[in-house]
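Each chain, written out:
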Amino acid sequence: MRQAAPAVSVAAPSAVEIGAGPAGLGIVVANPAPTARPARSIPPRDPEQRPQASTLVISQNFVPVALAASLGVLPLLLAIWVLALVRIGTAARREQTGRAHLALAAELGIAPARLAGLNAEELTVLQDKVAFDELTGVMRRAGGLATLDREIARARRHAAPLSVAFVDVDGLKKVNDTEGHAAGDRLLRDVVVVLSGRLRADDAIFRYGGDEFCCVLPNANLEAAARIVEDALLAALARGVTFSFGVAQLQNGEDRTRLLARADTELYKGRAERGYPERS
């Protein structure tokens, strides 16, 4: 009878015993003694991640604190901003007032120190009285000449035509002598009314002298300017008044003085043609 093959018992790879017994040689694999499971190791934290975790904690705590600090500083920043605006505005007003004092003093022919005591409101009232003629309501000579200078500069920049017209009220002296100065004042106002009624929106008129007025006519060549003043003369005749005029167009390289002188010369020619050889 054939013997059975030796029995081999395999458990886990552990202790193995080999020995001989009554039945023959056998290999017995003993059950291993339970081994202690190694303790689970915790991998060390990545040093690069530690600042991130701490930063997160700090940021969570820092946001409310920073917000509270910002809100606390906000009124101070607002006060500083308002103070800066006030100072800038005050400096600008002082500079503007200083320029106004100088310009007004020049127009009045007095020292600027004599106007130093005027406040802004008083200065504005005085400027209005100086800038505009109380009788006719048009600009006085100084303001009108400044306007003419600006229009000359603009005409040169844009290569646009510019003309001026000198107007002289006919018979003013005779009216003053025969009917009184009140009648002469009405005559001046009537002429201004008809001139203003025929001028365009961009045109200007100012009183140059006692019975002389000057019209500044931007973007008008000699022919267009003459038509404007001739229409005003027709309206004046309809009211029973009349005036003489001369028109000149700005030429290349010509200044204000030369331009006005040519217009005045044309006025003399017009008076002579209409039977008024001398100014009245």
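Position numbers for residues count from 1 along each chain, tracking the sequence in the order it is written. In keeping with the predicted nature of the model, local features appear solely for residues at pLDDT of at least 70, side-chain atom pairs appear and are counted solely at 80 or more, and the whole-chain, interface and lining totals rest on all residues. Note that water and hydrogens are dropped before the side-chain values are worked out from all heavy atoms of the structure.

1. Re the confidence of the model for the chain
And step 1. Residue-level pLDDT values for the chain average 79, and 68% of them are 70 or greater.
And step 2. Considering only residues more than four positions removed or in separate chains, one finds that residues 7-18, a stretch of pLDDT under 50, has 22 contacts.
And step 3. This model gives residues 53-58 a pLDDT under 50, and the stretch forms zero contacts once residues within four places in sequence are excluded. Note: pLDDT gives the predictor's confidence per residue, expressed from 0 to 100. Working rule for contacts: check all heavy atoms of both residues, and any pair within 4.5 Å makes them a contact.

2. A short note on helix α5 (residues 181-198)
And step 1. The terminal C-alpha atoms of α5 lie 26 Å apart, and with 18 residues this matches the ideal 26 Å at 1.5 Å per residue to within 8%.
And step 2. Throughout, exposure labels follow a simple rule: accessible area from a 1.4 Å probe, protein chains only, divided by the maximum for the residue type, with under 20% read as buried, over 50% as exposed, and the rest as partly exposed. Counting from the N terminus, the helices are the DSSP runs of H or I reaching at least four residues and the strands are the DSSP runs of E reaching at least two. Restricting attention to buried positions, one finds in α5 the residues Ala 183, Gly 184, Leu 187, Leu 188, Val 191, Val 192, Val 194 and Leu 195. Between the first and last residue of a helix there are one fewer steps than residues, each counted as 1.5 Å, and that sum is the expected span.

3. Some thoughts on the packing of helix α3 (residues 141-158) against helix α7 (residues 256-273)
And step 1. A fitted line through C-alpha atoms represents every axis, and for helices the fit uses only the stretch in contact; the resulting angles, taken between N-to-C directions, go from 0 to 180 degrees. Contact geometry of α3 with α7 gives a least axis separation of 11 Å together with a crossing angle of 105 degrees. The angle between the axes of α3 and α7 places the two elements in the roughly perpendicular class. Together, Leu 145, Leu 148, Asp 149 and Ile 152 of α3 and Arg 256, Leu 259 and Leu 260 of α7 make up the contact between the two elements.
And step 2. Polar here means any residue other than Ala, Val, Leu, Ile, Met, Phe, Trp, Tyr, Cys and Pro, which are nonpolar, and Asp, Glu, Lys and Arg, which are charged; Gly is therefore polar. Partitioning the contact of α3 with α7 into residue classes produces five nonpolar, no polar and two charged. Each angle gets one of four labels, with under 35 degrees taken as roughly parallel, over 145 as roughly antiparallel, 65 to 115 as roughly perpendicular, and the rest as oblique.

4. Concerning the packing of aromatic side chains
And step 1. Only rings of Phe, Tyr and Trp enter the pairing, Trp through its six-membered ring, and a pair is recorded when the two centres are within 6.5 Å. The plane angle decides the type: under 30 degrees is stacked, over 60 is edge-to-face, the rest tilted. Summed over all chains, the structure comprises three aromatic pairs.
And step 2. With centroids separated by 4.9 Å and ring planes inclined at 85 degrees, the aromatic side chains of Phe 166 and Tyr 208 adopt a geometry described as edge-to-face. With Phe 166 in strand β3 (residues 162-169) and Tyr 208 in the loop between β4 (204-207) and β5 (212-218), this pair connects stretches of sequence that are 42 residues apart. With respect to class, Phe 166 is no different from Tyr 208; both count as buried.

5. A few points about the environment of Asp 168
And step 1. Along the chain, the position of Asp 168 falls in strand β3.
And step 2. Accessibility expressed as a relative area gives 0% for Asp 168, which makes it buried.
And step 3. When the C-alpha atoms of Asp 168 and Phe 245 are compared, they prove to be 6.2 Å apart, with 77 residues separating the residues in sequence.

6. A few points about the side chain of Asp 203
And step 1. Relative to the assigned elements, Asp 203 resides in the loop between α5 and β4.
And step 2. The definition of a polar contact used here is a pair of N or O atoms within 3.5 Å, where within protein one atom must be able to donate a hydrogen and the other to accept one, and adjacent residues in sequence count solely through side-chain atom pairs. Separated by 2.7 Å, the side chain of Asp 203 and the backbone nitrogen of Arg 200 make a polar contact.
And step 3. Look past the residues within four positions of Asp 203 in its chain and what remains in contact with it is Val 216, Leu 217, Pro 218 and Ile 228.

7. Details of unusual backbone geometry
And step 1. In the Ramachandran plot, Ala 159 falls in the positive-phi region, its phi being about 55 degrees despite a non-glycine side chain.
And step 2. Secondary-structure assignment places Ala 159 in the loop between α3 and β3.
And step 3. The class of Ala 159 is exposed, set by a relative accessible area of 70%.
And step 4. The phi dihedral of Asn 219 is positive, around 55 degrees, even though this residue is not glycine.
And step 5. By secondary structure assignment, the location of Asn 219 is in the loop between β5 and α6 (222-238).
And step 6. Look at Asn 219 and you get exposed, because its relative accessible area is 54%.

8. With respect to the nonpolar core
And step 1. Val 167, Leu 195, Phe 213 and Phe 243 are the most contacted members of the largest nonpolar core, which has 31 residues in total.
And step 2. Looking at this core, the elements that each hand over two or more residues are β3, α4 (172-179), α5, β5, α6 and β6 (243-249).
And step 3. If you tally residues by element for this core, the top one is α6, at eight residues.
And step 4. Residues Ile 152, Ala 155, Ala 204 and Leu 259 belong to the second largest nonpolar core, which totals 19 residues. Residues grouped as a nonpolar core are buried Ala, Val, Leu, Ile, Met, Phe, Trp, Tyr and Cys residues, joined through side-chain atoms within 4.5 Å.

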